[in-house]
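Observations on the model geometry
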Amino acid sequence: MRFIDEATIRVSAGHGGPGCVSFRRETFEPRGGPDGGDGGDGGNVIFIANQQLSTLQDFRYKREYRAPNGMHGSGSNKAGRDGENIVLRVPLGTIVRDAETKEVLIDFDHDGQEWVACKGGRGGKGNSHFTTSTHQAPRFAQPGEEGGALNVLLELKLLADVGIIGFPNAGKSTLISRISAAKPKIADYPFTTLTPNLGVVALPEGSSCVVADVPGLIEGAHKGAGLGHKFLKHIERTRLFIHLLDGTKILEDATVPGEEKSLAITGLIDRYIAIRTELGLFNEALLHKPELVVINKLDILQSDPELVESVRKSLRDRIASIRGTNPEPNEPLIISAAAGSGISELLFAVSRILKEAKRQEGGADKETVILPDSEKIRS
Ligand SMILES: Nc1nc2c(ncn2[C@@H]2O[C@H](COP(=O)(O)OP(=O)(O)OP(=O)(O)O)[C@@H](O)[C@H]2O)c(=O)[nH]1
Ligand SMILES: [Mg+2]
């Protein structure tokens, strides 16, 4: 079980550009004085904490960050250009350690906090700085200083953005194992999951989020039935619930002799209400959190698309009235966590809802981890 996200990266600042050795050469001034310009400073590597980010995912793809060097100075006292800084955005809560000594270098505890990890080397001075009364034509200039470099270990205690809730056996663990690298135990009996699992999920459009799979809830959980409420605190601070319903219930209900097909959702609705009741008993606020209802195990329903569609329609209306909010587009989504169908549509919906939730929290367009500038500099 991993609750800590980690990445080891190397960051290096740019070297200072060398100063220039040059002399003024003009038509009527054959022995003009020195005019070598200074080299530019190397770019710094700067970390900034960003509340909108929740994982270190991007740092696993790219592990080396190098700020550009300062440019050479040139004649006519022209200074070389400074190397641009590179800015690495890390989630709020990230701890940066020296990768070798493990010493904590910084603990980002407020949004927008900045830290210069490596300072760029200073540009060398051009020869025009070195004239003295006895030495009018210095033929030397300073080289640029080297930029600092560091191997750092980034650590982040993961906080889930999305909680998968539902009855035991709904396929919550199967779903998290499908969309993330988490490898929870999956089995055909209730309460397979005994403690929460967290997984980092790559979303469409390049962002990522943390999803939590918590032990199944059952009616009476608030009185200690099943695993009780013990784990709900892990998902109290999430931005979205995926409320997973076991689609096999539909078939069970649809095949009860004498039952109308329209009654096939009774079992699902009962369970949906039971879970929401437990959530509300734990903390009323959880009932007002954004929620996406998802029916799992589509594969076993595939033979009857008509039934699936009628279930979707009638469930859509019931969800809206029970929850008291408009359903999301296409809600309830219908997926097969085991076969992988409907997953990309689900991730699109998750991405959209999270984006909206973050927009409401403020600072919506701080999505990327690395500023475009740094990409530009790298190439
Ligand atoms: N046919 C089918 N079976 C599935 C699907 N998803 C999960 N299952 C099966 O359903 C059973 C329960 O899956 P889990 O992922 O362990 O369910 P869970 O919700 O995590 O269960 P608990 O941890 O006990 O709360 C397993 O036998 C899975 O193989 C699916 O899309 N289709
Ligand atoms: Mg499970």
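One structure accompanies this document, and this report is about it. (Residues numbered from 1 in each chain as written. Chains lettered and ligands numbered in written order. Predicted model: local features only at pLDDT ≥ 70, side-chain atom pairs only at ≥ 80, totals over all residues. Heavy atoms only, no water.)

Let's shift gears to the nonpolar core. Ranked by size, the top nonpolar core spans 42 residues in total, and within it Ile9, Val11, Phe47, Phe59 and Leu154 carry the most contacts. Considering each element in turn, this core owes the most residues, four residues, to strand E8 (residues 149-157). Each of domain 1 (4-157) and domain 2 (162-361) gives at least three residues to this core. Setting aside anything within four residues of it in sequence, one finds Ile9 in contact with Phe47, Phe59, Lys62, Arg63, Tyr65, Leu88, Leu150, Asn151, Val152 and Leu154. Residues Ile176, Ile179, Cys209 and Leu346 belong to the second largest nonpolar core, which totals 26 residues. (Core = buried A, V, L, I, M, F, W, Y, C linked by side-chain atoms within 4.5 Å. Buried < 20%, exposed > 50% of the residue type's maximum accessible area, 1.4 Å probe, protein only. Helix = DSSP H or I, 4+ residues; strand = E, 2+ residues; numbered from the N terminus. Domains from an automatic or database assignment. Contact = heavy atoms within 4.5 Å.)

The end-to-end C-alpha distance of helix H4 (residues 266-282), which contains 17 residues, comes to 24 Å, matching closely the 24 Å that a straight helix rising 1.5 Å per residue would cover. Those residues of H4 that sit buried are Gly267, Leu268, Ile269, Tyr272, Ala274, Ile275, Arg276, Glu278, Leu279 and Gly280. (Expected span 1.5 Å × (residues − 1).)

A rise of 1.5 Å per residue sets the reference length of helix H6 (residues 343-361), with its 19 residues, at 27 Å; its end C-alpha atoms lie 27 Å apart and thus fit the reference within 8%. All of the buried residues along H6 are Ile343, Leu346, Leu347, Ala349, Val350, Ser351, Ile353, Leu354, Ala357 and Lys358. Following H6 by one or two positions, Gly362 adopts a phi angle in the positive range, close to 105°.

This part is about the sheet that holds strand E3 (residues 64-66). If you trace the five strands from one edge of the open sheet to the other, you get E3-E1-E8-E5-E6, paired in mixed fashion. The two strands at the open ends of the sheet, each matched to only one other strand, are E3 and strand E6 (104-107). Strand-to-strand twist of the sheet, defined as the mean angle between neighbouring strand axes without regard to direction, takes the value 25°. Here strand E5 (residues 95-98) pairs with E8 via four bridges, running antiparallel. In the strand pairing of E8, Ile95 is matched with Glu155. (Pairing = 2+ DSSP bridges. Axes fitted to C-alpha atoms, helices over the stretch in contact; angles between N-to-C directions.)

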